[in-house]
Structures are given as structure tokens and as C-alpha cells.
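# Understanding the architecture of this molecule
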Amino acid sequence: MSAVIIDGKQIAAEVKADVAKKVEGLKAKGITPCLAVILVGDNPASVSYVTGKRKALEEAGMADKSVVLPADTSEEDVLKLIDELNKDKSVHGILVQLPLPKHIDEKKVTNAIIPEKDVDGFHPVNVGKLVTGEKGFLPCTPNGITVLLKKMGVETSGKNVVVVGRSNIVGKPMALLMIRKEFNSTVTICHTGTKNLADYTKNADILIVASGHPATVTGDMIKEGACVIDVGVNRIPDSTKKSGFRLVGDVDFEGAKEKASFITPVPGGVGPMTIAMLIYNTLESAENRIIKN
Ligand code: GUN
């Protein structure tokens, strides 16, 4: 069997087109949804992600109040900027691109963004709402994965979902979403302390891999007919490329596609969905403001 390759780029384009239409409607009422992306330093991967986010904002007709700061910016100055953006009524969403330079405390910075503008869903108030099922901003990557599963018609109710990775950005929120009644899955979280990873992955109807390492999951670790979602973005040297590198996920794609029923490619799978859900959250934040006013 060869898996259906999930076209994340196409599905993200559908989400973004839907957002753009709603942005038009808001603009007619005199409101332009606005996001401020804060980038500190020039980490190449972060620069690339931020460029993608800003391009999507522009395409959706949203306003962009992004700020790029030098790598040696003090924590105090970053917090001051967040305070200004928190108070700026024209700004609906604030996102600080991670990772931050080592001298800046990431928790302090992400917690400084008011929950109403936390379109990444990283603030403890939004994390708490994710746990209890109250309405808040959902983290973009896990939320985007649920959209992929829905659009591809992948059954989740009663299925075994195995999440590899326990990060606050992907693994933990992913597991919390899939146990919601809406998805109704039985969830296992595996991590670096898991013994015999394959024993778990082989039992997965839906396998979501966010380990941060190439080939964490190989074809022999996958159950025949499983749906495989690869969250990894790893740069590996490739002298045949102009950039000198190519992107691979956390799953050995060639081996996995022979076993899976559905699989996301890297690039072009989960990545575009993360950006689509970010502009979706920014739109939602602008709409929430109208309801409150
Ligand atoms: N770095 C890697 N992924 C993310 C993300 O989803 N949001 C932010 N702010 N930084 C990231």
C-alpha cells in the first residue's frame, strides 16, 4: 500500500481563503485584524518562519505591526515592547517567535502577553482553558493537525492516538485536544523516557510525531493503514541544494508511506497549517473585540 499524501499547502490555502473573506467583512465595519510578530535575533529557521507568517498576514488582508529586534536586546526592552502592544487597541494578536536568545527568559516573555492577544495559545490562561475545555486560543500546530484530520475524513473516535513528544507547543496540547469528546480518541504520549517506542507506535491508528529528530519513527514502527502526521522540521546538509540543506521531518517518509494510509510530507504538510491557524486566531481575536465592545 502507498499512502495518500496529505496536501497541507492546499488545505491551508482553503483555511486562509476563508479567513481572508471574513477579514473583508470586518474591514467593511472599520476593523482591520492586526498581528504583531516579534523576532529577536536572526536565527535562520526563525527568520524563515516569521517571513512565512508575515506573508500570510498580508495575503489575508490583515495589518502587520511586526518588530524585528537585534539579538542583544535586553529582556526588559522586549517586555516593554509587549506592554506597549498589549495596550495598543489596533493590535489584536501578539506572537514572540521562539526560541529566544539565551539571556531572555521565554516563560517571562510569553506570560507577559495578555491572554486576549495570545494568538499562539501559550499563556497559562489559554493553556488552562485548553485543559478544561473553555473557549480560548488553541495552539496553532495541534489545532492545524485536527483540521487536517477532519478535512481528510480520518476517523478519530475510539481510535488509538500516539503522540511522540511532550513539548508545550505540540505534544501536550495535541494530546489534550484529541481526548476531547469532539475527537474522542484514546491517547498515549511517548517521550525520551519511553522504553521500546515501537511497542507504542505500532499500536497507533493515528501517529503524531513531534520529537525534533529525523527518523525517530521508521516504517517498521508503523501499523499497516495508520494515519501518520509528521510535525518535524529538521535541516540536514545537502550539497545538491543551493541553500546547502534540505528539510526532513521526524518520520522516515519513504519507509512510512508504504505502511500508512495517510501521511503528511515535510515540507508541505503540517507547517502551512500552523500559519493558517495563526491568522485564523488573529481573526478570532479581532471578532472577540467586537463582541466585547
Ligand atoms: N517556534 C516554533 N514553533 C513556534 C510557534 O508555534 N510559535 C512561536 N511563537 N514560536 C515557535
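Let me begin by describing the structure that accompanies this report. Position labels on residues start from 1 in each chain and follow its written sequence. Local features in this predicted model are restricted to residues of pLDDT 70 or higher, and side-chain atom pairs are both shown and tallied only at a pLDDT of 80 or more, whereas totals for entire chains, interfaces and linings draw on every residue. Computation of side-chain values: all heavy atoms of the structure, hydrogens and water removed.

Bringing the environment of Asp18 into the picture now. Mapped onto the secondary structure, Asp18 falls in helix α1 (residues 8-28). Think of it in three bands: residues with accessible area under 20% of the maximum for their type are buried, residues over 50% are exposed, and the middle band is partly exposed, with areas taken using a 1.4 Å probe on protein chains only. Assessed through its relative accessible area of 37%, Asp18 is described here as partly exposed. On a C-alpha basis, the gap between Asp18 and Tyr280 in space is 8.9 Å, while along the polypeptide they are 262 residues apart. Counting from the N terminus, the helices are the DSSP runs of H or I reaching at least four residues and the strands are the DSSP runs of E reaching at least two.

Across the chain, the bulk of peptide bonds are trans and the bulk of non-glycine residues have phi less than zero. Cis geometry is adopted by the peptide bond preceding Pro99, which originates at Leu98 and carries an omega value of 0 degrees. Inspection of the secondary structure assignment puts Pro99 in the loop between β5 (93-96) and α4 (106-112). The omega torsion across Val266 and Pro267 is 0 degrees, close enough to zero to call that bond cis. Despite not being glycine, Asn196 has its phi angle at roughly 50 degrees, a positive value. Structurally, the position occupied by Asn196 is in the loop between β7 (186-190) and α8 (197-201). In this structure Asn196 comes out as exposed when scored by relative accessible area, which is 55%.

What follows covers the nonpolar core. Counting residues in each nonpolar core, the largest one holds 46 residues, and the members touching the most others are Met62, Ile145, Leu149, Ile208, Ile229, Val231 and Met273. No other element matches helix α10 (residues 270-292), which puts 9 residues into this core. In contact with Ile229, other than residues within four places in its own chain, are Ile6, Ile145, Leu149, Leu207, Ile208, Val209, Thr264 and Val270. In terms of nonpolar packing, the next biggest core, distinct from the first, is built from 18 residues, Val40, Ile82, Ile94 and Leu100 among them. Residue types Ala, Val, Leu, Ile, Met, Phe, Trp, Tyr and Cys, when buried and joined through side-chain atoms within 4.5 Å, form a set referred to as a nonpolar core. Any two residues whose heavy atoms approach within 4.5 Å are treated as being in contact.

Let us look at the site of the ligand. Think of it this way: one heavy atom of a residue within 4 Å of a molecule or strand is enough to make that residue near it. Close to the ligand lie Lys53, Leu95, Val96, Gln97, Leu98, Asp120 and Phe122. For the purposes of these results, a polar contact is taken to be a pair of N or O atoms within 3.5 Å, where, inside protein, one atom must be able to donate a hydrogen and its partner to accept one; residues adjacent in sequence count only when each atom of the pair is a side-chain atom. Gln97 places a polar side-chain atom, nitrogen or oxygen, 3.4 Å from a nitrogen atom of the ligand. Residue Leu98 places a main-chain N or O atom 3.0 Å away from a nitrogen atom belonging to the ligand. In the complex, the protein chains occlude 82% of the 280 Å² of accessible area that the ligand would expose alone. Of the residues contributing to the shell around the ligand, the split by class is 4 nonpolar, 1 polar and 2 charged. Methods summary: accessible areas were calculated by the Shrake-Rupley approach with a probe of 1.4 Å, and residue burial reflects only the protein chains presented. Asp, Glu, Lys and Arg are counted as charged, while Ala, Val, Leu, Ile, Met, Phe, Trp, Tyr, Cys and Pro are counted as nonpolar; the rest, among them Gly, fall into the polar class.

With that settled, consider the sheet that holds strand β12 (residues 262-263). Pairing in this open sheet of 6 strands is parallel, and the strands run β1-β12-β9-β8-β6-β7 from one edge to the other. Strands with a single pairing partner mark the edges of an open sheet, and in this sheet they are β1 (4-5) and β7. Note on pairing: DSSP must find at least two bridges between two strands before they are called paired. Sheet topology places strand β8 (residues 206-209) next to strand β9 (residues 227-230); 4 bridges connect them, and they run parallel. Directly across from Ile208, in β9, lies its bridge partner Ile229.

Our focus in this paragraph is the state of the cysteines. Put simply, a disulfide is two cysteine sulfurs that come within 2.5 Å. Applying the stated criterion across every chain, the model contains 0 disulfides. Lacking any disulfide linkage, Cys140 is separated from the closest cysteine sulfur, that of Cys34, by 16 Å. The thiol of Cys190 is not disulfide-bonded; the next cysteine sulfur, from Cys227, is found 16 Å away. Residue class for Cys190 comes out buried when judged on its relative accessible area of 1%.

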